[in-house]
Amino acid sequence: MKRILSFLLTAVMLFSLASCGGSGLSDDEIRDIYEGLIEQSYLLNDVFYGDGLPFTNDPETMAALAGAISRFSYMPVDKSAPFQSEAEIREATLAVFSQPMCDHLFTLAFEGMSTGDDETVVYARYIEQNEILTVRIDLAEEALPLGRVYDFDSMDILIEDKNRIVASFATEMDGKTSVRVKITLTKTENGWRLDSPTY
């Protein structure tokens, strides 16, 4: 009898642990989170991986940069651009991506990095000078191909627990069927964030 009770108690505990293992969200809620964050990421992809923010040679703005060290490689961001300061870019990125992803993106954007053994240096994409955000003028030369479109109805949840969700989606590039892409969500104190690139 004791063995039976012990077995039943163990079974109940395992069932309870399994039922608590999910995110607590419905599939529709998970899909909505993915859709909202991925769609917000499109603009950020261009900021960090694409042609970058548009620039201007407006004489007044250029005069404000007179004497700035990087003025010949960097130009002022145009006033029509969606972001006008490093702080604005950081805030928008933190609302979409996890902290580890943001750390990498901020290094790429504002500090630059070495790409490995060949000691190739990638210069910062943006430098704020004299309180003016400037953008490196040759970004188009190293831009990644962007424009991936996600089919959110094709979502296949692969892993789901209270702090992490991994799902895959069918995608298109240039109007043609492309690969399925696996995207990870991670739960932060400020809500769910993307822990994978989406380009």
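The shown structure was predicted, so the numbers you read here are calculated from the model rather than taken from an experiment.

Engineer: Whenever I open this one, the sheet that holds strand 4 (residues 126-129) confuses me. Can you help?
Structural biologist: By definition, the strands of a sheet pair up through backbone hydrogen bonds, in either a parallel or an antiparallel sense. Read across the open sheet, the 3 strands follow the order 1-5-4; overall the sheet is antiparallel. A single partner strand is all that each edge strand has here, and the edge strands are strand 1 (74-76) and strand 4. Across the sheet, the mean angle separating the axes of adjacent strands is 35° when strand polarity is ignored. Where strand 1 and strand 5 (residues 132-136) come together, 3 bridges link them in antiparallel fashion. Across the sheet, residue tyrosine 74 finds its bridge partner in strand 5, namely arginine 136.

Engineer: Just to check I follow, could you spell out the packing of aromatic side chains for this structure?
Structural biologist: The way to describe two aromatic rings as a pair is by their centre distance and the angle between their planes. All told, the structure shown has 7 aromatic pairs when counted by the stated rule. Seen in terms of ring centroids, phenylalanine 106 and phenylalanine 110 are 6.0 Å apart; in terms of plane orientation they differ by 35°. Their pairing is tilted. One end of the pair, phenylalanine 106, and the other, phenylalanine 110, are both in helix 5 (residues 99-111), 4 residues apart, so they sit about a helical turn from each other. Relative accessible area serves as the criterion here: at 7%, phenylalanine 106 is assigned to the buried category. A connected cluster of aromatic rings, assembled from ring pairs, spans Tyr34, Tyr150, Phe152 and Phe169. Across the ring face of phenylalanine 106, the terminal group of arginine 90 is positioned such that the distance to the ring centre comes to 4.5 Å.

Engineer: Sorry if this is basic, but what is going on with the nonpolar core here?
Structural biologist: Side chains of a nonpolar character, in soluble globular proteins, are inclined to be buried together. Counting 37 residues, the largest nonpolar core has Tyr34, Phe48 and Leu53 as its most contacted members. Elements with a contribution of two residues or more to this core: helix 2 (27-49), helix 5, strand 5, strand 6 (149-160), strand 7 (164-173), strand 9 (181-188) and strand 10 (191-194). With 8 residues, helix 2 is the single largest residue contributor to this core.

Engineer: Would you explain the packing of helix 4 (residues 86-94) against helix 5 in this entry?
Structural biologist: Each pair of packed helices gets described by two things: the angle between the helix axes and the distance between those axes. Closest axis-to-axis distance for the helix 4/helix 5 pair is 10 Å, and the angle between their directions is 155°. Taken together, the axes of helix 4 and helix 5 lie roughly antiparallel to each other. In this structure, helix 4 meets helix 5 at a crossing whose hand is right-handed. For the pair helix 4 and helix 5, the contacting residues are Glu86, Ile89, Arg90, Thr93 and Leu94 in the first and Gln99, Cys102, Leu105, Phe106 and Phe110 in the second. For the contact of helix 4 with helix 5, the per-class residue count stands at 6 nonpolar, 2 polar and 2 charged.

Engineer: Help me out: how do you make sense of the pattern of salt bridges in this one?
Structural biologist: Overall, the coordinates contain 4 salt bridges when judged by the stated rule. Here glutamate 86 and arginine 90 are joined by a salt bridge, their closest N and O atoms 2.8 Å apart. A residue pair is termed a helical-turn pair when its members lie 3 or 4 positions apart in one helix, as glutamate 86 and arginine 90 do in helix 4 at 4 residues. Overall, the relative accessible area of 21% leaves glutamate 86 in the partly exposed class. Here arginine 90 falls in the partly exposed class, since its relative accessible area comes to 27%. Residue arginine 136 pairs with aspartate 138 through a salt bridge whose shortest N-O separation is 2.7 Å.

Conventions we followed
Residues numbered from 1 in each chain as written. Predicted model: local features only at pLDDT ≥ 70, side-chain atom pairs only at ≥ 80, totals over all residues. Heavy atoms only, no water. Pairing = 2+ DSSP bridges. Helix = DSSP H or I, 4+ residues; strand = E, 2+ residues; numbered from the N terminus. Axes fitted to C-alpha atoms, helices over the stretch in contact; angles between N-to-C directions. Phe/Tyr/Trp six-rings, centres within 6.5 Å; stacked < 30°, edge-to-face > 60°. Buried < 20%, exposed > 50% of the residue type's maximum accessible area, 1.4 Å probe, protein only. Lys NZ or Arg CZ within 6 Å of the ring centre and 35° of its normal. Core = buried A, V, L, I, M, F, W, Y, C linked by side-chain atoms within 4.5 Å. Parallel < 35°, antiparallel > 145°, perpendicular 65-115°, else oblique. Left-handed = near helix turned anticlockwise from the far one by under 90°. Contact = heavy atoms within 4.5 Å. Nonpolar A, V, L, I, M, F, W, Y, C, P; charged D, E, K, R; others polar. Salt bridge = Lys/Arg side-chain N within 4 Å of Asp/Glu carboxyl O.

Fair warning: the whole summary comes from geometry, so function is off the table for now.
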